[in-house]
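Fold and contact review
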Amino acid sequence: MQPGHRDPLEKIMVVNEAERTNNVRAGKRYDVTECNVRRWRSQKDELKNAHSKRRGYRGPQTGRFTEIDRRVCDYEMTEKRNEGMPIPRAVMQQKALEVAPELNIARAEFKASMGWCRRMMRRNGLSLRRRTSLAQRLPADFREKLVNYQRFVIKLRKKHEYPLDQMRNAVQTPVFFDMPTSSHVTVMLTCLADGTKLPPYMILKQKILPRDPITTGIIVRAQEKGWMESRLVVDWLKVVWVRRPGGLRRRRYMLVLDAFHGHVTDEVKKQVKELNGDLVIIPGGMTAAENFLQVLDVVKPSAHLLCEWILQAWADVSSESIINGFKRCCISNLMDGSKDDLMWEDPAAESNNKSASEEEEPSDAEDAAE
């Protein structure tokens, strides 16, 4: 008997075996829990009269307004998702309201409610996750690239002996709005291996900055497409990077960035060198590996709101999680290789084990500098 759905005939077999022996033995023989055996025994008469091939009702497979469903799905899949843009529910609802009059469906009859939208998405297997245009599979030479990356980091650390507050990671993340537009901003987040967080750097999708005052504690710039271009990376280095400890004294530092083309231009490399730094680029083609190599992908800050909300979300990221993130990404871990297995450990499992212990001491950040 296969686990999962049981038809009435299979349940009756279990009941007969339980009556012949007992509930426990019947459950073990047919891989059924004892409570189910007891319940089926109490339902024996109903099971005998049930249709053996009839399955449970799982809800309608097609909605009442199938043509609206089809047009909204076509709009999402062909016109928007091919552009790599997310489609919020509000956009789907608006599109449905535009289609309904074309099909002579009155507004009183069809309101494109949020409930309709959720059911339509479920029927058609849609979700709100944004598609990326980059490959998510690891390259064939993943291990070779990973080893070479680790060797390069260790070589720099041995040569310059960076303290924890001079090993840094920065990542830019797009923040999309849940409204009927493709509006978004880009936020550049920066942290140090000692757990320090630098001010967020936000790029608005517009040509000029707004006249209204911006919330203090966050650096705001404007760019027509809302993306981080090379010119803004240089500006970020000058405005945010110098705020790090030792920035004015130009202490030697290591900066880890991904392989985004705006990070590897000559003007960016020149600015990093002028600030007495060493640039480390996460190998290209390893987007799916950034959950291992990108500190802020390990820490996973929830930068999904603006201004005060971004500041709050950034403030909620603990220093300890950042310190552990640098260790997991093989940037500040022990150089003898004894802690390299941290990369493959499950952070959630570790967190659960940690919460079970009442008096566990926090990890010492200085251990990572050995």
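First things first, this report covers the structure right here in the doc. In this text the structure is predicted, and so the values were computed from the model without any measurement.

Concerning helix α7 (residues 114-124)
Those residues of α7 not exposed but buried are W116, C117, M120 and M121. With its buried residues spanning 130° around the axis, α7 presents them on a single face. At the C-terminal side of α7, G125 shows a positive phi close to 65°.

Overview of the state of the cysteines
Going through the model one piece at a time under the given rule, you end up with zero disulfides. Of all cysteine sulfurs, the one in C117 lies closest to C73, which takes part in no disulfide; the gap is 9.8 Å. Between C191, a cysteine without a disulfide, and C329, which holds the nearest cysteine sulfur, the sulfur-to-sulfur distance is 9.0 Å.

Structural notes on the side chain of E17
Mapped onto the elements of the fold, E17 is located in helix α1 (residues 8-20). A polar contact of 3.1 Å, which involves the side chain of E17, links it to the side chain of R29. Other than its neighbours up to four places away in sequence, E17 contacts N22, A26, R29 and Y30.

Quick word on the pattern of salt bridges
All chains considered together, the criterion is met by 14 salt bridges. A salt bridge links R123 to D69, with the nearest nitrogen and oxygen atoms 2.8 Å apart. One end of the pair, R123, is in helix α7; the other, D69, is in helix α5 (residues 66-80), with 54 residues separating them in the sequence. In this structure R123 comes out as partly exposed when scored by relative accessible area, which is 24%. A salt bridge links D74 to R70; its shortest N-O distance comes to 2.9 Å. With a gap of four residues between them, D74 and R70 both fall in helix α5, about one helical turn apart. Of the residues examined, D74 reaches a relative accessible area of 34% and is grouped as partly exposed. A relative accessible area of 42% places R70 in the partly exposed class. Overlapping salt bridges bring together E67, R70, R71, D74 and E102 as one network.

Digging into the nonpolar core
Ranked by size, the top nonpolar core spans 32 residues in total, and within it Y149, M254 and I331 carry the most contacts. Put simply, the parts of the chain that give this core at least two residues each are α8 (142-160), β1 (167-176), β2 (184-192), β3 (201-205), β5 (253-257), α12 (295-299) and α14 (319-328). By residue number, the principal contributor to this core is α8, which donates five residues. Not counting the four nearest positions on each side in its chain, M254 is found in contact with V153, L156, R157, Y162, Q166, M167, R168, D278, V280 and I331.

Considerations on unusual backbone geometry
The backbone of A112 shows a phi angle near 50°, a positive value even though the residue is not glycine. Note on placement: A112 falls in the loop between α6 (89-102) and α7. Look at E161: it is not a glycine, yet its phi comes out positive at around 50°. Within the secondary structure layout, E161 lies in the loop between α8 and β1.

Considering the pairing of β3
Counting buried positions along β3 yields four of five residues, so the element is predominantly enclosed. Relative to β3, β2 is paired through three bridges, and the arrangement is antiparallel. Looking at the pairing, V187 lines up with M202 of β3. As paired strands, β3 and strand β4 (residues 219-223) are joined by five bridges and run parallel to one another. Within β4, the residue paired with M202 across the bridge is V220.

Details of the packing of α1 against helix α3 (residues 34-42)
Their axes nearest at 9 Å, the elements α1 and α3 cross at an angle of 100°. Taken together, the axes of α1 and α3 are roughly perpendicular relative to one another. Touching K11, V14, V15, A18 and E19 of α1 are V37, W40 and R41, all from α3. Split by residue class, the contact of α1 with α3 holds five nonpolar, no polar and three charged.

Rules used in this analysis
- The residue numbering used here restarts from 1 in each chain and proceeds along that chain's sequence as written.
- Per-residue local features are limited, in this predicted model, to residues with pLDDT of at least 70; the limit for side-chain atom pairs, both in listing and counting, is 80 or more; totals at the level of whole chains, interfaces and linings are taken over all residues.
- As a rule here, side-chain values cover all heavy atoms of the structure and leave hydrogens and water aside.
- Burial classification: accessible surface area is computed with a 1.4 Å probe over protein chains only, and a residue below 20% of its type maximum counts as buried, one above 50% as exposed, and the rest as partly exposed.
- Elements are defined by DSSP. Helices are runs of H or I of four residues or more, strands are runs of E of two residues or more, and each kind is numbered from the N terminus.
- Working definition: the arc comes from the directions between the helix axis and the C-beta atoms, pointing outward to the latter.
- Cysteine sulfurs are considered disulfide-paired once they come within 2.5 Å of each other.
- Throughout this description, a polar contact denotes any pair of N or O atoms lying within 3.5 Å of each other; where both atoms belong to protein, one of them has to be capable of donating a hydrogen while the other can accept it, and for residues adjacent in sequence the pair is counted only when both atoms sit in side chains.
- The contact rule is simple, with two residues in contact once any of their heavy atoms fall within 4.5 Å.
- Salt bridges are defined as contacts in which a side-chain nitrogen from Lys or Arg sits within 4 Å of a carboxyl oxygen from Asp or Glu.
- In this text, buried Ala, Val, Leu, Ile, Met, Phe, Trp, Tyr and Cys residues form a nonpolar core when linked through side-chain atoms within 4.5 Å.
- Should DSSP find at least two bridges between two strands, the strands are taken to pair.
- Orientation is described by lines fitted to C-alpha atoms, with helices fitted over the stretch in contact, and by angles between N-to-C directions that extend from 0 to 180 degrees.
- Between 65 and 115 degrees an angle is taken as roughly perpendicular, under 35 as roughly parallel, over 145 as roughly antiparallel, and anywhere else as oblique.
- In this count, Pro and Cys sit with the nonpolar residues alongside Ala, Val, Leu, Ile, Met, Phe, Trp and Tyr, while Asp, Glu, Lys and Arg are called charged and the others, Gly among them, polar.

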